[in-house]
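For reference, the chains in residue letters:
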Amino acid sequence: MLRVENITRDFGGLRVLDDVIFEIEEGTIYGIIGPNGAGKTTLFNIISGLLKPTGGRIIFNTIDITGLKPHAITAAGISRTFQNIRIFKEMTLLENVLVGMHRLFSYSAVSMLFELKKKRREEKELREKAYDILSIVRLSEKAGLKAESLSYGEQRKLELARALATEPKLILVDEPAAGMNPAETEELMGEIVRINSRKYTICLIEHDMKVVMGICRRIGVLNFGKFIAQGSPDEIKNNPLVIEAYLGRDETGA
Amino acid sequence: MFYQQLANALALGAVYSLFAIGFTLIFGVMEIITLAHGAVFMVGAFAGYTAATKFGLGIIPCLIISMAASGFIGFVLDLVAIRPLRKKKFHHLAPMIATIGCATIITSIYQGIFGAEAYRFPFDFVPNENYEFRGIQLTQLQLTIIFTSFILMIMMIFFLNKTKWGKAVRAVAENSRTGALLGIPVERVYQFTMIISSSFGGAAGVLTGLNFNTIHTFMGGPILHRGIAVIILGGMGDIRGAMAGGLILGFAEVLSVAYISSDFRDAVSFGLLFLILLIRPSGIFGKKIERKG
Amino acid sequence: MSDFLISFWQTYNTLFYTIFIHGMLGLSIYLTLACGLLSLGNAAFMGIGAYTSALLTMKAGFPFGISLIAGGILPSMVALAIGIPTLRLSGVYLAMATLGFGEVVRVVLLNMEITGGSMGINGIPQKTELWHLVLIMGIIIFFFIRLRDSKYGRAMEAINEDEVASSVMGIRTTYFKVWTFTAGAFIAGVAGGLNAHFTYFISPREYGFEPAVDILTFAILGGTKTFWGPIAGSAILTVLPEMMRFMGPYRLAVNGIILLLVVLYLPNGIVSRGTFISLKKLFSERKSNA
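The rules behind the values
Residues numbered from 1 in each chain as written. Chains lettered and ligands numbered in written order. Predicted model: local features only at pLDDT ≥ 70, side-chain atom pairs only at ≥ 80, totals over all residues. Heavy atoms only, no water. Helix = DSSP H or I, 4+ residues; strand = E, 2+ residues; numbered from the N terminus. Rg over C-alpha atoms; globule rule 2.2 N^0.38 Å. Buried < 20%, exposed > 50% of the residue type's maximum accessible area, 1.4 Å probe, protein only. Contact = heavy atoms within 4.5 Å. Areas by Shrake-Rupley, 256 points an atom, 1.4 Å probe, with all protein chains shown as cover. Lys, Arg positive; Asp, Glu negative; His and termini not counted. Charge placed at Lys NZ, Arg CZ, Asp CG, Glu CD. Domains from an automatic or database assignment. Buried area = accessible area lost by both parts, 1.4 Å probe. Salt bridge = Lys/Arg side-chain N within 4 Å of Asp/Glu carboxyl O. Nonpolar A, V, L, I, M, F, W, Y, C, P; charged D, E, K, R; others polar. pLDDT = per-residue confidence, 0-100. Polar contact = N/O pair within 3.5 Å; in protein donor to acceptor, adjacent residues only side chain to side chain. Patch = residues over 30% accessible without salt bridge, like charges linked within 9 Å, V, L, I, M, F, W, Y side chains within 5 Å. Pairing = 2+ DSSP bridges. Axes fitted to C-alpha atoms, helices over the stretch in contact; angles between N-to-C directions.

1. Description of the overall build of chain A
Working step 1: Within chain A, the secondary structure is distributed over ten helices and ten strands.
Working step 2: In terms of C-alpha radius of gyration, chain A reaches 19 Å, essentially the compact-globule figure of 18 Å for 254 residues.
Working step 3: The proportion of buried residues among the 254 residues of chain A is 55%.
Working step 4: Restricting the contact set of chain A to residue pairs at least 6 apart, pairs at least 24 apart contribute 67%.
Working step 5: Surface accessibility of chain A: about 11100 Å² in total, with carbon and sulfur atoms responsible for 52%.

2. Considerations on the overall build of chain C
Working step 1: Across its full length, chain C carries twelve helices and zero strands.
Working step 2: Start at the N end of chain C and walk to the C end: the helices and strands fall as α-α-α-α-α-α-α-α-α-α-α-α.
Working step 3: Taking 2.2 N^0.38 as the reference for a compact globule, 290 residues should give roughly 19 Å; the C-alpha atoms of chain C span a radius of gyration of 20 Å, in line with that estimate.
Working step 4: Dimensions of chain C, computed from C-alpha atoms along their principal axes, come out at roughly 65 × 60 × 35 Å.
Working step 5: Relative to all contacts within chain C whose residues are 6 or more apart in sequence, the contacts with residues 24 or more apart total 77%.
Working step 6: Total accessible area computed for chain C in this model is approximately 12500 Å², and 66% of it derives from carbon and sulfur atoms.
Working step 7: When the 19 positive and 14 negative side-chain charges of chain C are each reduced to one mean point, those points stand 6 Å apart.

3. Comments concerning the domain arrangement of chain C
All names here are of chain C.
Working step 1: According to the domain assignment, chain C contains domain 1 (13-231) and domain 2 (244-290).
Working step 2: One C-alpha centre belongs to domain 1, the other to domain 2; they are set 27 Å apart.
Working step 3: Taken together, the contact pairs ten residues of domain 1 with seven residues of domain 2.
Working step 4: For the pair domain 1 and domain 2, the summed buried area comes to about 630 Å², and 73% of that belongs to carbon and sulfur atoms.
Working step 5: At the junction of domain 1 and domain 2, the tally comes to zero salt bridges.
Working step 6: Elements supplying a minimum of two residues to the side of domain 1 that touches domain 2: α9 (209-222) and α10 (228-243).
Working step 7: No other element matches α9, which puts four residues into the side of domain 1 that touches domain 2.
Working step 8: Looking at side-chain class alone, the side of domain 1 that touches domain 2 contains three nonpolar, six polar and one charged residues.

4. Considerations on the confidence of the model for chain C
Note: predicted coordinates in regions of low pLDDT should not be interpreted at a detailed level.
All names here are of chain C.
Working step 1: When the pLDDT values of chain C are averaged, the result is 88; 98% of them are 70 or greater.
Working step 2: Within chain C, helix α12 (residues 273-289) has the poorest average pLDDT of any element, 70, and helix α2 (residues 42-59) the best, 96.
Working step 3: Our summary of model confidence lists the complex with pTM equal to 0.87 and ipTM equal to 0.91.

5. Some details on the side chain of A:Thr74
Working step 1: If you trace the backbone, A:Thr74 turns up in helix α2 (residues 70-76).
Working step 2: On the basis of relative accessibility, which here comes to 1%, the residue A:Thr74 falls in the buried class.
Working step 3: There is a polar contact of 2.8 Å between the side chain of A:Thr74 and the backbone oxygen of C:Val168.
Working step 4: With sequence-adjacent residues up to four places away left out, A:Thr74 is seen in contact with A:Arg103, A:Thr166, C:Ser167, C:Val168, C:Met169 and C:Gly170.

6. Details of the side chain of C:Thr86
Working step 1: Positionally, C:Thr86 belongs in helix α3 (residues 64-86).
Working step 2: Engagement of the side chain of C:Thr86 in a polar contact is seen with the backbone oxygen of C:Ile82, the distance being 2.5 Å.
Working step 3: With sequence-adjacent residues up to four places away left out, C:Thr86 is seen in contact with B:Phe274, B:Leu278, C:Leu94 and C:Ala97.

7. Quick notes on the interface of chain C and chain B
Working step 1: Taken together, the contact pairs 35 residues of chain C with 42 residues of chain B.
Working step 2: The contact between chain C and chain B buries some 3500 Å² in all, and 81% of this surface belongs to carbon and sulfur atoms.
Working step 3: Three residues stand out in chain C for area buried against chain B, namely C:Tyr93, C:Met96 and C:Leu260, and they jointly supply 18% of the buried area on that side.
Working step 4: Viewed at the interface, chain B and chain C are joined by one residue pair in polar contact (both at pLDDT 80 or more).
Working step 5: Going through the elements one at a time, α3, α4 (91-111), α9 and α11 (251-265) of chain C are the ones with two or more residues in the side of chain C that touches chain B.
Working step 6: Counting residues per element, the side of chain C that touches chain B draws most heavily on α4(C), at 13 residues.
Working step 7: Broken down by class, the residue content of the side of chain C that touches chain B amounts to 27 nonpolar, five polar and three charged.

8. Considerations on a positive patch on the surface
All names here are of chain B.
Working step 1: Judged by side-chain charge, Lys162, Lys167, Arg170 and Arg240 come together as a positively charged surface patch.
Working step 2: Within the secondary structure, arginine 240 sits in helix α10 (residues 239-259).
Working step 3: You can call arginine 240 exposed: its relative accessible area is 54%.

9. A few points about the pattern of salt bridges
All names here are of chain A.
Working step 1: Using the criterion set out here, one finds 28 salt bridges over all chains in the structure.
Working step 2: Arginine 57 is paired through a salt bridge with glutamate 5; the nearest N and O atoms lie 3.1 Å apart. One end of the pair, arginine 57, is in strand β4 (residues 55-60); the other, glutamate 5, is in strand β1 (residues 2-11), with 52 residues separating them in the sequence.
Working step 3: Take arginine 57: its relative accessible area is 40%, and that puts it in the partly exposed class.

10. Here's the deal with the environment of B:Arg170
All names here are of chain B.
Working step 1: For arginine 170, the position within the fold is in helix α6 (residues 164-174).
Working step 2: On the basis of relative accessible area, arginine 170 is assigned to the partly exposed category, the value being 39%.
Working step 3: Along the backbone, arginine 170 and phenylalanine 274 are 104 residues apart, and their C-alpha atoms lie at a distance of 29 Å.
Working step 4: Non-local contacts of arginine 170, meaning those with residues more than four positions away in its chain, are made with Leu160 and Asn161.
Working step 5: Polar side-chain contacts of arginine 170 include one of 3.0 Å to the backbone oxygen of leucine 160.

11. Brief notes about the sheet that holds strand β9 (residues 218-223) of chain A
Residue and element names in this part refer to chain A.
Working step 1: Read from one edge to the other, the open sheet built from six strands follows the order β6-β7-β8-β3-β9-β10, with strand pairing classed as mixed. The sheet is open, and its two edges are formed by β6 (78-80) and β10 (226-231), each paired on a single side. Averaged over all pairs of adjacent strands, the angle between strand axes in this sheet comes to 20 degrees, irrespective of strand direction.
Working step 2: As paired strands, β6 and strand β7 (residues 170-174) are joined by three bridges and run parallel to one another.

12. So, the sheet that holds strand β2 (residues 14-24) of chain A
Residues and elements named next belong to chain A.
Working step 1: One open sheet holds the four strands; their spatial order is β2-β1-β4-β5, and the pairing between them is antiparallel. Of all the strands in the sheet, just β2 and β5 (63-64) have a single pairing partner and so form its edges.
Working step 2: Bridge count for β1 against β2 is seven bridges, and the pairing is antiparallel. Residue pairing in the sheet places arginine 3 in a bridge with glutamate 23 of β2.

What follows is the structure in structure tokens.
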């Protein structure tokens, strides 16, 4: 479904991503792990169009999306969340989801100005749909509240709902466990598995290996900008390179 | 003729640099644009003028009084308009707008006192003598302006690089949180930055008043525009960039007046500014800004 | 009573006209602020509109309506041309670029022959009537009301809060920014045309740095949470200096003090929940004291 081919990215002489190659199969949860600073978020920024790669290509369902603008990549069917949660805090939950649905609205400015039937119908239909999406992450009772009033865990869920609202085929989830306690993390992982079971493909970044082991079918390991291993959770767990580069360091750090 | 223009440009540009150096330091350390810096400049010019005419003081005491007066205004600005906004989390434009309010207050009070007419420094304030270097005529006034500006700027650079307080200022400019962790009194550094930057603005006011032989209450506006152009030209927050930017603007203005038309002098700075923002928003010397995802 | 009303109107009618024109200018900058852009170019757009429409009625004999629309279109074309390269700048840089643009416009107006140089243009026929202002203001407000609950309004709000997140939500951020910048220039240009046909006289100094800052002040003072904010801000800052005439040259200081107090104590402007809460507090304190 998504093929990342030889992606390279330099920041002022520093190679942050070096010849990254991997492929995500439709319907799976793919995990990318690696220590902080390994280049995980840079990779997401490149896939979602916020950064341009120095070299390489990204193929999504046979279409080359390398270097497209973020909105075009969203339209192609890739959506994402952010490590540091970037919901629209001053807007209500419903409005957050409606912003995610932006491109599903087709009425024109004329329709807006004169409140034509088309505008009224679309706004009504999509509002109902937005409630449905909020109920997927069990936030529909709070639809009218401002997003800033939510707890941290709920904000993560809202961000997932907003990503779902763009009608993506693939969702990139950036470090969902960051800043959350173990209980919240577990709940969110359950949420991600449920979303996956609704036929959304998911690509997950995480630096805490334990979080992804249980839910991912395949895992890629990124270290210093390079993909050092790929495989099933069991293969990764037993890969000496991974243990040396990642697990060993993590344990001495802990 | 050309070299003569260069001498004029140097005197003009040196004062622009002197004005911009404080302006850019405030941005570098506090991350705000203080649009009251023009008003501070005007206050400095009038303080120097008053010292010269009412008390008959010479140029050096006048400069000191002017710097003290404008430094005091900088202190008050920080106390009244900037510090309260630092305490709470506000929109990033709030301090800029607060300083617009302060500039309006200061300017209208001065207009109330001094009116709109032009004032001049005493006739023999700087002796009217000419010096000649290889065919270039330099007046003592120009020499005084160039010399004073550069001495002050060198002092500033020395202070920032060699003294303990200067290093603290630079550390806070780099990262205020780390600065605080290192035990630097960040609030004091902010206050101090406002005072010293404003006093440089005031000195620039006196020198400009001498250079054009006129001061008036609305002289803050044009210099503020040029200051903005200069600090963007040199890269915001960059001291050396501000010095170079001021000189570049001085040369650009003098040369455009000499060789194109005097009508567009006021547009030169903004033409330059506009161009630089289109081509290289980080300024001539600034590092390229990467977009963060 | 009616005598009083008539004399009141005769004394203060210009003030009403000015409130409307300032209100439009406040709304013109609100449009870009609502997209998170600080543009200080609106005084220049106003100037382009004022000169365009004044010259068209005076030199080309165009009907007022047509020259007014032309006075909106030309600045919006200019905005489109400069907006595409400059709007990728953010925050302070955009403010400075638009300030620079404004200064360039002022100097060009100052040096062109057709614009009358520093003397400006004198004797513009007085064609603006109160109903024109009410009608145009009504249209603008109607537009803002309709914008509010639409996909366009939501997209602008989203861009204002977080541009990166908005782009990932499929919003064409550049498109919206250029569009609001252009529409803001149109409103400012029309306001300029209306003003020119009401004050007889225009000159470059009316479109420089200070007017640019004044327009920003209207919006910030009133608040930018809703479009009523800039309208209220404009009205207050237009009436206040009139009321302070007795203070002579010091009256502008009052403007400055009010601006400072609003920024410090009502960071969301006068039309905001903050004001409501402060008023309520004040009121309940009074009651408990009594």
